[in-house]
Every structure is written in C-alpha cells, then in structure tokens.
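Residue-level structure breakdown
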Amino acid sequence: QVQFVESGGGLVQPGGSLRLSCAASGSQFSIYAMAWYRQAPGKQRELVAGISSYSITNYVDSVKGRFFISRDNAKNTVYLQMNSLKPEDTAVYFCNRWVAPPGPWGQGTQVTVSS
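Residue numbering note: each chain is counted from 1, following its sequence as written. pLDDT decides what is reported in this predicted model: residues at 70 or higher carry local features, side-chain atom pairs at 80 or more are listed and counted, and totals for whole chains, interfaces and linings draw on all residues regardless. Neither water nor hydrogens contribute to the side-chain values; these are computed over all heavy atoms in the structure.

We now examine the pairing of strand S4 (residues 34-39). Burial classes follow relative accessibility: with a 1.4 Å probe on protein chains only, a residue under 20% of its type's maximum area counts as buried, one over 50% as exposed, and anything between as partly exposed. In DSSP terms, a helix is any run of H or I states spanning at least four residues, a strand is any run of E spanning at least two, and both are numbered starting from the N terminus. Counting buried residues in S4 gives five out of six residues, a clear majority hidden from the surface. What makes two strands pair is DSSP finding at least two bridges between them. Direction of pairing for S4 relative to strand S5 (residues 46-51): antiparallel, over a ladder of five bridges. Its bridge partner lying in S5, Tyr37 is registered against Leu47. Here S4 runs beside strand S9 (residues 91-97); their pairing, made up of six bridges, is antiparallel. Each residue of the ladder has a partner; that of Ala35, found in S9, is Asn96.

Below you can see the structure in the form of structure tokens.
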C-alpha cells in the first residue's frame, strides 16, 4: 500500500524559506499527479499546489509566486519550496495524490511562521 512521509517543516521567521520533501512508497509514483495540502488549526485541509505526471503545476492563489512544487520520479519524491513565508502559511503540510483518489494520509510536517 502506498505511504507518504513528509519532512522539512520547522519554525521560520516571516520572509524566510523552507523546503518540504515527501517520500512516497510504491512502484507507480511516476504515473500519479501529486499535490501538497495544508491544514491550519480550526480549518479544513486545503490544496496548496499540484504537479501532474508531466510536471505541469498549479497553485492556490495565496501562494502563487512564493511556493514552487517539483518532483523527482527516480526518487519517488515530491518537493515544495516555500519562499517569502507569511504567518498565515502556518499549518501542517501533507502530500498525497492529486485528482486521483487519495492514499492514506501521512503524519504531515508542521510549518510555523512566527517572529
């Protein structure tokens, strides 16, 4: 069964950067569109950025120009480069499939943006 393990979160000051990684198990990683999601306290999980199997990307308006999603199919890994972070980006970040039915959700990685 597919499994997603997120890492790279932490505490960062406003304006700072972080790079998140998501390692996926399974042999069919390359055929799936993948995405990063986030869930802030008291809010529903939301899609942040998606990347197709052909590396076509899409972003929620609030992160356009600041966040960049990429993938390395040889490593079964998807990344999220987050720049110019804002306090409102504080959330637990998860990765999972995009468009296709999601696999089991991982633990996520906490991102806290605060001075």
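Before going further, it helps to examine the pairing of strand S7 (residues 67-72). The side-chain alternation of S7 yields one buried face, formed by Phe67, Ile69 and Arg71, and one unburied face, formed by Phe68, Ser70 and Asp72. Pairing between S7 and strand S8 (residues 77-82): six bridges, direction antiparallel. For Arg71, the partnering residue across the bridge sits in S8 and is Val78.

Here we take up the sheet that holds strand S1 (residues 4-7). Ordered by their spatial adjacency, four strands build an open sheet running S1-S3-S8-S7, and the pairing between neighbours is antiparallel. Here the strands that pair on one side only, and so sit at the sheet edges, are S1 and S7. Each adjacent strand pair in this sheet contributes to an overall mean axis angle of 15 degrees, direction not counted. Inter-axis angles, ranging from 0 to 180 degrees, are taken between N-to-C directions of lines fitted to C-alpha atoms, where helices are fitted over the stretch in contact.

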